[in-house]
Amino acid sequence: LIGGTSALSSGVTDDLDDLGISYERIWGVDRYETANKIAERVVIAAIASGGFRGTAFFARGDAFPDALAVGPVAAQAVAPIFLVQSTSLPGSVESTLDTLGVKRGYVIGGETAVSAGTQSAIDAVLTANGGTEAPTTRWEGENRYETAVAVVNGGLTQRWIDLDTLGVATGTNFPDALGGGAALGYYGSGLVLTPGDSMQPAVAAFMVAHQYEIGRLD
């Protein structure tokens with residue numbers, strides 16, 4: 001169960017108890033600390049599968065599109081996603097970055113999503129952990145749709161994902177991209193976002209540019 005009782009109440013756990021289903025709750029006092037707890041599990045999984053490379057992703061925590069877009073890429077990179085505030089790095093995130101020894105990262109979205117000051121604060125922590133002088137790279141576009149395309153391009157460049165499958169979901173709400181993103185993370189494929197009533201131009205251009213590489217669209 002992801003999140004505290006304000007996210008999933010005791011009514012949910014009561015029903016699970018009645019069904020005889022065992023469970024574990026992973027949670028923090030807020031969304032940022034909950035993401036930290038998940039990050040710790042990701043690092044444990046990375047170590048078990050061959051080692052943690054010290055890489056992480058950073059996305060704004062009070063808006064969903066950028067974190068959704070990077071989910072499949074982060075899954076294949078076996079790297080955690082940390083949620084940050086637009087204009088600051090939460091103290092709990094800073095502490096977890098230090099504990100896990102994160103040394104390099106990717107900031108998702110433009111400076112209206114994650115400010116230059118927040119990126120600088122992240123850089124300072126990662127450099128102190130042994131990273132390079134400028135340890136983060138920003139993947140961004142003019143809007144959420146272009147940012148999602150930038151994330152897919154970045155994942156392809158790093159060879160974390162391929163285009164055997166490409167996922168497409170509405171960018172105006174989160175449930176479909178959240179559920180589909182988990183499947184795409186398993187496939188090793190990327191996710192692009194578009195308005196519900198039309199194909200966004202940057203997404204259409206990406207599909208045309210890669211039409212002979214895309215195996216199928218989900």
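Since the structure is predicted, the reported quantities are computational estimates derived from the model, not experimental observations.

The rules we used
- Residues numbered from 1 in each chain as written.
- Predicted model: local features only at pLDDT ≥ 70, side-chain atom pairs only at ≥ 80, totals over all residues.
- Heavy atoms only, no water.
- Axes fitted to C-alpha atoms, helices over the stretch in contact; angles between N-to-C directions.
- Helix = DSSP H or I, 4+ residues; strand = E, 2+ residues; numbered from the N terminus.
- Parallel < 35°, antiparallel > 145°, perpendicular 65-115°, else oblique.
- Left-handed = near helix turned anticlockwise from the far one by under 90°.
- Contact = heavy atoms within 4.5 Å.
- Nonpolar A, V, L, I, M, F, W, Y, C, P; charged D, E, K, R; others polar.
- Patch = residues over 30% accessible without salt bridge, like charges linked within 9 Å, V, L, I, M, F, W, Y side chains within 5 Å.
- Areas by Shrake-Rupley, 256 points an atom, 1.4 Å probe, with all protein chains shown as cover.
- Salt bridge = Lys/Arg side-chain N within 4 Å of Asp/Glu carboxyl O.
- Lys, Arg positive; Asp, Glu negative; His and termini not counted.
- Charge placed at Lys NZ, Arg CZ, Asp CG, Glu CD.
- Buried < 20%, exposed > 50% of the residue type's maximum accessible area, 1.4 Å probe, protein only.
- Polar contact = N/O pair within 3.5 Å; in protein donor to acceptor, adjacent residues only side chain to side chain.
- Pairing = 2+ DSSP bridges.
- Right-handed = clockwise from strand over helix to strand, strands pointing away.

Moving on to the packing of helix 3 (residues 65-77) against helix 6 (residues 144-157). Contact geometry for helix 3 and helix 6: axes closest at 9 Å, N-to-C directions at 20°. Of the possible angle classes, the one that applies to helix 3 and helix 6 is roughly parallel. Between helix 3 and helix 6 the crossing geometry is right-handed. Here P65, D66, A69, V70 and V73 of helix 3 lie close against helix 6, whose contacting residues are R144, T147, A148, V151 and G155. Its residues assigned to classes, the contact of helix 3 with helix 6 shows six nonpolar, two polar and two charged.

Quick look at a negative patch on the surface now. Together, D14, D15, D17 and D18 make up a negatively charged patch on the protein surface. Tracing the backbone shows D18 in helix 1 (residues 10-19). What makes D18 exposed here is its relative accessible area of 68%.

Locating T96 in the fold gives a position in helix 4 (residues 91-100). According to the relative accessible area criterion, T96 is buried, its value standing at 8%. Here the side chain of T96 touches N36 through a polar contact of 3.5 Å, side chain to side chain. Of note is the side chain of T96, whose polar atom sits 2.9 Å from the backbone oxygen of S92. Residue contacts for T96: discarding those within four places in its chain leaves N36, E40 and F82.

Further remarks concern the pairing of strand 5 (residues 162-170). Across six bridges, the pairing between strand 5 and strand 6 (residues 189-194) is parallel. Across the sheet, the residue bridging to A169 is L193, located in strand 6. Taking the sense of rotation as the criterion, the β-α-β connection linking strand 5, helix 7 (residues 175-187) and strand 6 turns out right-handed. Judged from the two bridges that link them, strand 5 and strand 7 (residues 216-217) form a sheet pairing that is parallel. Of the residues in strand 7, the one forming a bridge with L166 is L217.

Another point: the pattern of salt bridges. Inspection of the entire model under this criterion finds three salt bridges. Notably, a salt bridge pairs E24 with R41, separated by 2.4 Å at the nearest N-O pair. With E24 in the loop between helix 1 and helix 2 (31-48) and R41 in helix 2, the pair connects residues that are 17 residues apart, well separated along the chain. On the basis of relative accessible area, E24 is assigned to the partly exposed category, the value being 46%. We note a salt bridge from D62 to R60, for which the minimum N-O separation is 2.4 Å. The class of D62 is partly exposed, set by a relative accessible area of 46%. By relative accessible area, which is 25% here, R60 ends up partly exposed.

What follows concerns the side chain of T147. Here T147 shows up in helix 6. Using a relative accessible area of 3% as the deciding quantity, one classes T147 as buried. Leave out the neighbours within four places in its chain, and T147 touches D66, I108, G109, W139, E140 and G141.

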